[in-house]
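Per-entry structural report
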Amino acid sequence: MAETPSADKKKLFIKTYGCQMNVYDSERMAEAMDGAGYETTDTPGDADMILLNTCHIREKAAEKVYSELGRMKALKVDKPDLKIGVAGCVAQAEGAEIMRRQPIVDLVVGPQAYHRLPEMEAKTQEGVKALDTDFPEEDKFEKLKRRPKAKRAPSAFLTVQEGCDKFCAFCVVPYTRGAEVSRPVDRVITEAQDLVERGVREITLLGQNVNAYHGTHSGGDMTLAGLIWELDKIDGLERIRFTTSHPNDMMDDLIEAHGTCSKLMPYLHLPVQSGSNKILKRMNRSHDRESYIKLIERIRAARPDLMLSGDFIVGFPEETEQDFQDTLDLIKEVTYGQAYSFKYSTRPGTPAAERPLVDEAEANDRLQRLQALLSTQQKEIQDCMVGREVNVLYEKAGRLDGQMVGKSDYLHAVYVADPKGQIGDIKRVRIVESSTNSLGGVLV
Ligand code: 5AD
Ligand code: SF4
């Protein structure tokens, strides 16, 4: 089929909130809409269609979407044909309520129905509002064909698993993304090969609970470690990462792969949320402090230079100062090179939503103390890189002439003076300097 000339194409503006999976989904939606005659734009004022790809993890997510939509009213006054759509987890959670509260919205699409976006857009062109928050049987990824040949940045995300069956008491994911589903192995491999043909050298496998992956393969099931070993065979693919994992799904073969698969990077995001057994129980985390620490010891035995990253929630209902101290102690014991921390906030519909909140000032104070500890630790670990040799995958040119910037195996941003360097190169670099959020290195 002939490509629509650019001048004839309609313009699509996508605003992405939240996690890496939403970044991936936005790319795939842009590709689906490419087939429907749209190209993307960075300017909302130029757009014929605006899509908000929303996130429900943070506080007052729905309210923020409504105020963003309120601000968009003016655009629609200037351009009555402009179509406005809401996608992502807020779309899933709010559904038709969005159109009731904000009549400028033409389209609401949940994360499991993105492949239906072109049909939905066609409906809106006929003046009909379109809503789809189903969890359909068909594989949306199969229907969401990739745009052929387009060159890609050297590092890409690839969703292999969606949804979650863990039901942590604070979390909306099991409700907005639904039950845990894995994509079949051959489809993931085909997509990975296609990415590599388009210049990708590093793939981060995505899933809300990615290490629970169990994709079908030759009539049986394959674990995440099995999938990683399949990806390891792809020539030209140099680095494999995965995120986000649950401690209870760190199976033996995955731990072992950290020691034996050279393409699997020495970096692991393994949220613990709290260091207090009482709070972990109330969070319905199904692991405790001791089992988590033991697990980390096992993974580090397989891969001693592993860089660990985590998520923490402070001020969960009934968290006392002692519970919080337990979290600080765990952080000191485990040591994290990277971390994300949040003050607990209520998500309607989750079990914890009914429980009494910790005093707000107290929770804010705990968050500050936690973040102070985490950033000191993070900086110390980063400073320890000075003098070491690492591999750096160049992602873009740096600000200085002849400078490249990329990521080390441990996911640190590294600046390197390398006038001959090209995006996509992987170079051996000696770290010579550690600044606030990045490292400086020289070619070895
Ligand atoms: N309040 C605060 N933080 C939350 N997270 C998820 N739900 C909540 C909530 N209700 C955090 C968890 C999770 C990360 C993605 O977001 O730490 O691992
Ligand atoms: Fe949410 Fe992660 Fe718990 Fe699943 S494992 S419910 S995604 S916090």
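Residues numbered from 1 in each chain as written. Chains lettered and ligands numbered in written order. Predicted model: local features only at pLDDT ≥ 70, side-chain atom pairs only at ≥ 80, totals over all residues. Heavy atoms only, no water.

1. Some thoughts on helix H14 (residues 360-383)
For clarity, the cut-off: Under the DSSP-based scheme used, a helix requires at least four consecutive residues in state H or I and a strand at least two consecutive residues in state E, with every element numbered from the N terminus. By this rule the span expected of a helix is its residue count minus one, scaled by 1.5 Å. With a 1.4 Å probe rolled over the protein chains alone, any residue whose accessible area is under 20% of its type maximum counts as buried; one over 50% counts as exposed, and the rest are partly exposed. We call two residues in contact whenever any of their non-hydrogen atoms come within 4.5 Å of each other.
Over its 24 residues, H14 runs 34 Å from end to end, which matches the ideal 34 Å to within 8%, given 1.5 Å per residue. What H14 keeps buried is the set Ala363, Arg366, Leu367, Leu370, Leu373, Leu374, Gln377 and Gln382. At its buried positions, H14 is contacted by strand S15 (307-314), helix H13 (321-334), strand S16 (338-343), strand S20 (426-434) and strand S21 (439-443).

2. Thoughts on the site of ligand 2
The line we're drawing: Being near a molecule or strand, for a residue, means having at least one of its heavy atoms within 4 Å of it. Asp, Glu, Lys and Arg are counted as charged, while Ala, Val, Leu, Ile, Met, Phe, Trp, Tyr, Cys and Pro are counted as nonpolar; the rest, among them Gly, fall into the polar class.
Around ligand 2 sit Cys164, Lys166, Phe167, Cys168, Phe170, Cys171, Val173, Pro174, His246 and Arg285, and those are all the residues in its vicinity. Of the residues in the shell around ligand 2, the class split is seven nonpolar, one polar and two charged.

3. What about the domain arrangement of the protein?
Rules: Boundaries between domains were set according to an automatic or database domain assignment.
When cut into domains, the protein gives domain 1 (6-132), domain 2 (140-383) and domain 3 (389-443). Distance between the C-alpha centres of domain 1 and domain 3: 37 Å.

4. Notes on the packing of aromatic side chains
Operational definition: Centre distance within 6.5 Å is the pairing criterion for rings of Phe, Tyr and Trp, where only the six-membered ring of Trp is used; planes under 30 degrees apart are then read as stacked, over 60 as edge-to-face, and the remainder as tilted.
Taken as a whole and judged by the stated rule, the model has four aromatic pairs. Measuring from ring centre to ring centre gives 6.3 Å for phenylalanine 170 and phenylalanine 316, while their planes differ by 85 degrees; the resulting arrangement is edge-to-face. Placement of the pair is phenylalanine 170 in the loop between strand S8 (161-162) and helix H7 (173-176) and phenylalanine 316 in the loop between S15 and H13, with a sequence separation of 146 residues. No difference in accessibility class separates phenylalanine 170 from phenylalanine 316, as the two residues are buried. Ring geometry for phenylalanine 316 versus tyrosine 344: centroids 5.2 Å apart, planes at 75 degrees, classification edge-to-face. Highlighted residues: phenylalanine 316 in the loop between S15 and H13 and tyrosine 344 in the loop between S16 and H14, separated in sequence by 28 residues. The pair phenylalanine 316 / tyrosine 344 is uniform in exposure class, with both members buried. Members of the aromatic cluster, joined through ring pairs, are Phe170, Phe316 and Tyr344.

5. A look at the environment of glutamate 63
As for its position among the elements, glutamate 63 is in helix H2 (residues 61-78). Accessibility expressed as a relative area gives 41% for glutamate 63, which makes it partly exposed. With 174 residues separating them along the chain, glutamate 63 and leucine 237 place their C-alpha atoms 42 Å apart.

6. Considering the nonpolar core
Most often, soluble globular proteins keep nonpolar side chains buried together rather than apart. What counts is decided by this rule: Buried Ala, Val, Leu, Ile, Met, Phe, Trp, Tyr and Cys residues that are joined via side-chain atoms within 4.5 Å together make up what is termed a nonpolar core.
Counting residues in hydrophobic clusters, the biggest one holds 57 residues, and the most contacted among them are Leu205 and Leu227. With six residues, helix H8 (residues 185-197) is the largest single contributor of residues to this core. Those residues in contact with leucine 227 that lie beyond four places of it in its chain are Val160, Val185, Val188, Ile189, Leu205, Tyr213 and Met222. Counting 20 residues, the second largest nonpolar core, distinct from the first, contains Phe13, Ala61, Ala62 and Val108.

7. Considering unusual backbone geometry
Note the cis peptide between threonine 243 and threonine 244, where omega equals 5 degrees. On the secondary structure map, threonine 244 appears in the loop between strand S13 (239-243) and helix H10 (252-260). With a phi angle near 60 degrees, serine 286 is a residue other than glycine that sits in the positive phi range.

8. Comments concerning helix H12 (residues 289-302)
Condition: Arc definition: directions from the helix axis to the C-beta atoms.
Helix length check: H12, at 14 residues, gives a terminal C-alpha distance of 20 Å against a target of 20 Å (1.5 Å per residue), a fit within 8%. The set of residues buried in H12 consists of Arg289, Tyr292, Ile293, Leu295, Ile296 and Ile299. Across the axial projection of H12, the buried residues extend over an arc of 160 degrees, all falling on one side. Along H12, the residues that are exposed and aim more than 90 degrees away from the buried face are Lys294, Glu297 and Ala301. Residues of H12 that are buried make contact with H10, strand S14 (267-269), helix H11 (277-282), S15 and H13.

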